[in-house]
Amino acid sequence: DNSTDPLHNLFTGKKSADNALHEFNQLLTMAEPFGNAMIKQYVASYNQKNKSTMPENIFSFSLRNTTPAASFNKKGYTFGTRIITKADGWTLPFYMKSYVWKKGNTYYVLAALCADSEWDMLDSDMDALAEKAMK
């Protein structure tokens, strides 16, 4: 059902794909504040339900150096970002790269997460893997 398919417009034609990509990239800029607000709400709800006092800011994340979602290999899309997580006083930097493409009526997603210090090794290897997977 195209009305409930959030990726439909990415794969229907150039104009609708360009608009859908633009909309996705706008949503991506809101991922950090929206995601962190959801985490705080979850912790507050957990505290209330379990009568605990876990700090609401025990976990948060920020996105850095995000590459906007873009066409990849003329068959799909990709984007990457640094995810800096803060958990109970610890800072844990990660890098994530992901791809999405469609074959027939099926969507495929390929994603990898690694230590931020390893992103340069992951980047080109993931592109090669995604190209093979899209064949």
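As shown above, the structure is provided for reference.
Below or above, wherever it landed, is the structure these notes cover. Note that the structure is predicted; figures quoted are calculated from it, not measured.

Reading the values: rules and limits
- Residues numbered from 1 in each chain as written.
- Predicted model: local features only at pLDDT ≥ 70, side-chain atom pairs only at ≥ 80, totals over all residues.
- Heavy atoms only, no water.
- Phe/Tyr/Trp six-rings, centres within 6.5 Å; stacked < 30°, edge-to-face > 60°.
- Buried < 20%, exposed > 50% of the residue type's maximum accessible area, 1.4 Å probe, protein only.
- Pairing = 2+ DSSP bridges.
- Helix = DSSP H or I, 4+ residues; strand = E, 2+ residues; numbered from the N terminus.
- Axes fitted to C-alpha atoms, helices over the stretch in contact; angles between N-to-C directions.
- Contact = heavy atoms within 4.5 Å.
- Expected span 1.5 Å × (residues − 1).
- Arc of directions from axis to C-beta.
- Salt bridge = Lys/Arg side-chain N within 4 Å of Asp/Glu carboxyl O.

Next up on the list: the packing of aromatic side chains. Using the criterion set out here, one finds seven aromatic pairs in the structure. Their ring planes at 15 degrees and their centres at 5.8 Å tell us that W101 and Y108 sit as a pair that is stacked. Judged by relative accessible area, which is 5%, W101 ranks as buried. Joined through ring pairs, the aromatic side chains of F11, Y77 and Y107 make up one cluster.

Here we come to the sheet that holds strand β1 (residues 59-72). What links the strands of a sheet is backbone hydrogen bonding, and the strands pair in either a parallel or an antiparallel sense. Spatially, β1-β2-β3-β4 is the arrangement adopted by the four strands of the open sheet, whose pairing is antiparallel. The sheet terminates laterally at β1 and β4 (106-115), the two strands that pair on one side only. Direction aside, neighbouring strands of the sheet carry axes that sit 15 degrees apart on average. Judged from the twelve bridges that link them, strand β2 (residues 76-87) and strand β3 (residues 90-103) form a sheet pairing that is antiparallel. When the sheet's bridge partners are listed, T85 is paired in β3 with L92. Sitting on the sheet, helix α1 (residues 14-29) is in contact with β1 and β2, with an inclination near 165 degrees to β1.

It is worth spelling out helix α2 (residues 31-50) at this point. The terminal C-alpha atoms of α2, which comprises 20 residues, lie 28 Å apart, in line with the 28 Å expected from a rise of 1.5 Å per residue. Restricting attention to buried positions, one finds in α2 the residues G35, N36, V43 and N47. All buried residues of α2 lie within an arc of 115 degrees about the axis, which places them on one face of the element. Facing away from the buried side of α2 by more than 90 degrees, the exposed set consists of P33, F34, Q41, Y42, Q48 and K49. Tucked into the core, α2 has its buried residues touching β1. Of the residues one or two after α2, K51 is the one with positive phi, at around 50 degrees.

Before going further, it helps to examine the pattern of salt bridges. Evaluated as defined, the whole model comprises four salt bridges. Between D123 and K97 there is a salt bridge whose closest N-O contact spans 2.8 Å. Remark: K97 occurs in strand β3 and D123 occurs in helix α3 (residues 119-133); sequence separation between them is 26 residues. Connected through shared salt-bridge partners, K97, D123 and D127 make up one network.

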